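Observations on the three-dimensional arrangement
This is what each chain is made of:
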Amino acid sequence: MKEELNKYTDETWGIVNEAEKDIGSRLPGSEGEKKFARLMADKLDDIGVKSVEEEFIVSPRSSIGGIPYFGWVGLFCCFLVYFTFVTSAFWVAILGILIALWTWAICSVFLYKPWFDSLFKQKLSRNVYGELLPEDGKYDYTIILSAHLDTSWNWKHSATNNRTVVLKILYGLLGMFYLTAVAIAGVIFRFSNTAHFDLSAWYTINAIFPVVFAPGIYMIAMWNSKDEDIASRGAMDNATGIAIAYEALKYFKENPDKMPKNCRIVDLNCGSEEAGLRGAMAFCKKHRNDGLLTNAWNINIDSIADKDFFEVVNGDTWQFTKFDKDLENMLMEAMQESGIENPGNIVNPVGGCDSTPMCKAGVKTITFAAQNPTITSYYHTWLDVAERFDKETVGTGLEVVLRVIDKIAEKEENK
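Calculation criteria
- Residues numbered from 1 in each chain as written.
- Predicted model: local features only at pLDDT ≥ 70, side-chain atom pairs only at ≥ 80, totals over all residues.
- Heavy atoms only, no water.
- Helix = DSSP H or I, 4+ residues; strand = E, 2+ residues; numbered from the N terminus.
- Expected span 1.5 Å × (residues − 1).
- Buried < 20%, exposed > 50% of the residue type's maximum accessible area, 1.4 Å probe, protein only.
- Contact = heavy atoms within 4.5 Å.
- Pairing = 2+ DSSP bridges.
- Bend = angle between axes of the 7 residues up to and from the residue.
- Core = buried A, V, L, I, M, F, W, Y, C linked by side-chain atoms within 4.5 Å.
- Salt bridge = Lys/Arg side-chain N within 4 Å of Asp/Glu carboxyl O.

Moving on, we come to helix α1 (residues 6-23). Look at α1: 25 Å from first C-alpha to last across 18 residues, which is about the 26 Å you get at 1.5 Å a residue. Listing the buried residues of α1 in full gives Tyr-8, Thr-9, Thr-12, Trp-13, Ile-15, Val-16, Asn-17, Ala-19 and Glu-20. The inward-facing, buried residues of α1 abut α2 (31-46), α8 (235-254) and α12 (391-414). Trailing α1 by a residue or two, Gly-24 shows a phi angle of about 80°, which is positive.

When you tally the buried positions in strand β2 (residues 123-132), you get seven out of 10 residues, the bulk of the element. Sheet topology note: the strand β1 (residues 51-58)/β2 ladder contains eight bridges and is antiparallel. Looking at the pairing, Glu-55 lines up with Arg-126 of β2. In this structure, β2 lies alongside strand β4 (residues 263-270), joined through five bridges in antiparallel fashion. Bridge pairing in β4 links Leu-132 to Ile-265.

Time to look at helix α7 (residues 200-221). Helical geometry note: an α-helix holds 3.6 residues per turn, so side chains three or four residues apart project in the same direction. In a regular helix each residue adds 1.5 Å, so 22 residues correspond to 32 Å; α7 covers 32 Å between its end C-alpha atoms and thus fits that length. When the local axis directions of α7 are compared, the greatest deviation, roughly 40°, occurs at Ala-214, which is followed within four positions by the proline Pro-215. Of all the positions in α7, only Trp-202, Asn-206, Pro-210, Phe-213, Gly-216, Ile-217, Ile-220 and Ala-221 are classed as buried. Elements that come into contact with the buried residues of α7 comprise α3 (67-81), α4 (89-110) and α6 (165-190).

Moving on, we come to the nonpolar core. Counting 67 residues, the largest nonpolar core has Phe-36, Ile-143, Leu-145, Met-335, Phe-368, Val-404 and Ile-408 as the members making the most contacts within it. Of all the elements, α8 adds the most residues to this core, at 12 residues. When near neighbours in sequence (up to four residues on either side) are disregarded, Val-404 contacts Ile-299, Leu-327, Met-330, Leu-331 and Ala-334. Counting residues in hydrophobic clusters, the runner-up holds 37 residues, among them Ile-67, Leu-75, Trp-102 and Trp-223.

Take the pattern of salt bridges next. Counting across every chain of the model gives 22 salt bridges. The partner of Lys-391 in a salt bridge is Asp-10, with the nearest N and O atoms 2.8 Å apart. On the criterion of sequence distance, the pair formed by Lys-391 in helix α12 and Asp-10 in helix α1 is long-range, its members being 381 residues apart. In this structure Asp-10 comes out as partly exposed when scored by relative accessible area, which is 42%. Here Lys-34 makes a salt bridge to Glu-31, at a shortest N to O gap of 3.1 Å. Taken together, the residues Lys-34 and Glu-31, both in helix α2 and three residues apart, mark about one turn of the helix. For Lys-34, a relative accessible area of 34% puts it in the partly exposed group. Connected through salt bridges with shared partners, the residues Arg-38, Asp-42, Asp-45, Glu-53, Glu-55 and Arg-126 form a single ionic network.

Of all seven residues making up strand β6 (residues 310-316), seven are buried, and the element is well covered by its neighbours. Bridge count for β6 against strand β9 (residues 364-370) is four bridges, and the pairing is antiparallel. Looking across to β9, one finds that Glu-311 is bridged to Ala-369. Taken together, the four bridges between β6 and strand β8 (residues 344-348) define a ladder with parallel strand orientation. In the strand pairing of β8, Val-312 is matched with Asn-345. Strand direction decides the pairing type here: β6 and strand β7 (residues 321-322), joined by two bridges, are antiparallel. By the bridge assignment for β7, Gly-315 is matched with Lys-322.

Shown next as structure tokens:
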């Protein structure tokens, strides 16, 4: 199969380089994201597959993009602690602020809920997709090949010294937990009779510890940059996925004899994945009842670059989702048949991927990746460039996807 795919591998590599070098960073709702969406729409139209663009509103900084807000508000609360020496009423204010902050962080940053999006500046993002139908126009099932157009804000700590990232996170979070605990204690003391207590130790702790934890909380405030010029250029994450999905559809367009029988193939370019999976959510919401998601299979392709880390991502821990077992097995088999030794099978421990909205919409889904799952200097940083990986790895990713499509077709035919 690999020789047959040489042309498509070259084109895939060309799209990856064009996205990284000519367009560059593509933050959710940005001009860069819009340019990449337009590029992929034009490519679909060029091969005779009508592109469809669907706009939706996104709040780019309401999820992981807003992590610095968590740190800045934490620093403000550290400052307010010293006002509690004047009046304990400030403990009530600090606790109220922290409860609101933690509520937003857990719901939006951790669980990707859109409940607080309206509180943040909003922009227009878009999904772009195209449908390849059988020659007779009749189909019994749909295979959706999805990937995301956008890139992440530059994660400063990862780019500068990735080996200490976890320690920096823990340091900052420990400070936030301390603030919350001491604020609860402060409110309790305010409404309790403490006349018979010696509170000298309490005042000493509150004088020292905000200064001790402030540097860690400041690291959270410096977590990612607003500067578009140094945002991730997204060669791996996720120009590779976008290019593979498109070239897989193009392969079947140009080789109709290889097209699965009675199958519709959709190339879905999702916007604003880095803003909390908002593009995939918008797509599933819009098409939940129009038949596009009926008897559908989704292969979500996200970051194909690290040749030693090809893997199935079978679920998102923070999103409480487990993806389709049949697709999990198909993808494992396809990787082995493509010559990949010891492919991984992991659950996504943090964040989420575009398979989660598909899963919640009742679509059979799996995520395919080839990315080092440990913290690396090029994950969500300006160091995500094509020069650090090779064309052959991306070509292997394309082969794997085509093999999975064949396996889905075989399963459907056996029905």
